[in-house]
Amino acid sequence: MTPQVLPFEDFALLDDAECEAIIRQSRERLGARCVVLGHHYQRDEVFKHADFTGDSLKLSRMAADSTAQYIVFCGVHFMAEVADILSRPEQIAILPDLAAGCSMADMANLADVDRCWRELSQVLGDADARVTPVTYINSAADLKAFCGRHEGTVCTSSNAQKILAWSFARREKVLFFPDQHLGRNTGYRMDIPLEDMPVWDYARPNGGLSDDEIRRAKIILWKGYCSVHQMFQPQHIDRFKAEHPETLVIAHPEASFEVCQKADYIGSTEYILNTVRAAPPNTRWLVATELNLVNRLREEVRAQGKDVHFMSPTVCMCSTMFRTDPQHLAWILANLAQGAVVNRIHVSDSDADAARYALNNMLSLN
């Protein structure tokens, strides 16, 4: 007999304390059959219930290595897709709120990337012979599959330089999507001039580029960005350091080129956490990444005399990540506890196979 699904309306108006009680009761009933993953950018009320915390790829791999039947990913849509792709066939990936997407990932879709590939082939000949497609892990499964079908790969913010080096060893150019800033900041650190990294505007024919610009390009950057990391500005650093000149600046590579050029350290969320944790006591840090992560890090290292400051004077959190709240998590887990699966994320077999190929190209370098 199919278990009856509990409607979300029964949970939507519960307060956080009521949700917490339901979450804990459901977790006790589920035991090891369920693992809850919490991304670094997740709100504290949800983050505290996670069995594993970290960035998206790390969490997906940890879940796949677990014995859990259910993988509840407190993150955004593309993260749950990666969990589904990398997990075993009997495991089920679930996203608490299907509206939790990623605005950056949405800036590149398969239709636009396919058209870009055709237009590149018109200028360069066979794009498959000259261009390696590289998608940031913050992208939809069908774009990872596109990269797999064209002998490309996936990258993260921590391995982008290694991935670009691998790509250039295979072909002379890279099409990098969806985040232009990660591509530009990484390419520049590899001594690629800015003028050899033009931006492809997917809303314009030939990306708004001339044939000569395409032929000269080393990295063709997609016109995409993370809205959270675009809140940080170089003047924020200048003003803060004018008052606290001893400050060390650390930025995520999704931040703009101008911000990263003023930073003392540039790296992924894990790199930011590990760098500040390992720093000497009584140091001051200005951090350019998502607010929830920065706030937790501030509290964690306060006792060591370290001062951690959020770079933007404006509150800047990932609004789509914020959609996953205690009410949605309680709803998901209460249904699982009675055998009902809601909000399953399943990538088609053909896309999953091609995306897995691209992911494995990346993982083989690690």
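Coordinates for the structure precede this section.
Please read these numbers as outputs of a predicted model, since none were measured by experiment. (Residues numbered from 1 in each chain as written. Predicted model: local features only at pLDDT ≥ 70, side-chain atom pairs only at ≥ 80, totals over all residues. Heavy atoms only, no water.)

> Explain the environment of Cys 102 to me, and be specific about the residues and the numbers.
Mapped onto the elements, Cys 102 comes out in the loop between strand S4 (92-94) and helix H6 (110-124). Cys 102 gets classed as buried once you look at its relative accessible area, which sits at 13%. Placed 218 residues apart in sequence, Cys 102 and Thr 320 show a C-alpha to C-alpha distance of 6.3 Å. Excluding residues that lie within four positions of it along the chain, Cys 102 makes contacts with Val 76, Phe 78 and Thr 320. (Helix = DSSP H or I, 4+ residues; strand = E, 2+ residues; numbered from the N terminus. Buried < 20%, exposed > 50% of the residue type's maximum accessible area, 1.4 Å probe, protein only. Contact = heavy atoms within 4.5 Å.)

> Can you explain the packing of aromatic side chains? Please cite residues and give values.
Counting across every chain of the model gives 8 aromatic pairs. Plain terms: the ring middles of Phe 146 and Phe 177 are 6.5 Å apart, the flat faces sit at 65° to each other, and that makes the pair edge-to-face. In this pair, Phe 146 is assigned in helix H8 (residues 141-149) and Phe 177 in strand S7 (residues 173-177), connecting sequence segments 31 residues apart. The same class applies to Phe 146 and to Phe 177, which are both buried. Put simply, the rings of Trp 117, Phe 146, Phe 177, Tyr 202 and Trp 222 pair up and form one aromatic cluster. Here the basic side chain of Lys 218 rests over the ring of Phe 168, its NZ or CZ set 4.3 Å away from the ring centre. (Phe/Tyr/Trp six-rings, centres within 6.5 Å; stacked < 30°, edge-to-face > 60°. Lys NZ or Arg CZ within 6 Å of the ring centre and 35° of its normal.)

> So, the pattern of salt bridges: which residues are in play, and what are the values?
By the definition in use, this model includes 21 salt bridges. Residues Arg 170 and Glu 151 are paired through a salt bridge, measuring 3.6 Å at the closest nitrogen-oxygen approach. Here Arg 170 is found in helix H9 (residues 160-170), whereas its partner Glu 151 is found in the loop between H8 and strand S6 (153-155), with 19 residues between them in sequence. Residue Arg 356 is joined to Asp 353 by a salt bridge in which the shortest nitrogen-to-oxygen separation is 3.0 Å. You can see Arg 356 and its partner Asp 353 sitting in helix H17 (residues 349-363), 3 residues apart, about one turn around the helix. Judged by its relative accessible area of 49%, Asp 353 falls in the partly exposed class. (Salt bridge = Lys/Arg side-chain N within 4 Å of Asp/Glu carboxyl O.)

> Before we move on, can you summarise the nonpolar core with the specific residues and values?
Counting 70 residues, the largest nonpolar core has Leu 120, Leu 175 and Phe 176 as the members making the most contacts within it. Residue contacts for Leu 120: discarding those within four places in its chain leaves Gly 125, Ala 127, Leu 175, Trp 200, Ile 214 and Ile 220. Of all hydrophobic cores here, the second largest spans 28 residues; its members include Phe 232, Val 287, Val 301 and Met 311. (Core = buried A, V, L, I, M, F, W, Y, C linked by side-chain atoms within 4.5 Å.)

> Outline the packing of H9 against helix H10 (residues 180-189), listing residues and values.
Two numbers describe how H9 lies on H10: the axes approach to 10 Å, and their chain directions differ by 75°. The orientation of H9 relative to H10 falls into the category roughly perpendicular. Together, Ala 160, Gln 161 and Leu 164 of H9 and Leu 182, Thr 186, Gly 187 and Arg 189 of H10 make up the contact between the two elements. Looking at side-chain class alone, the contact of H9 with H10 contains 3 nonpolar, 3 polar and 1 charged residues. (Axes fitted to C-alpha atoms, helices over the stretch in contact; angles between N-to-C directions. Parallel < 35°, antiparallel > 145°, perpendicular 65-115°, else oblique. Nonpolar A, V, L, I, M, F, W, Y, C, P; charged D, E, K, R; others polar.)

Limitation: the analysis is restricted to geometry and does not speak to function.
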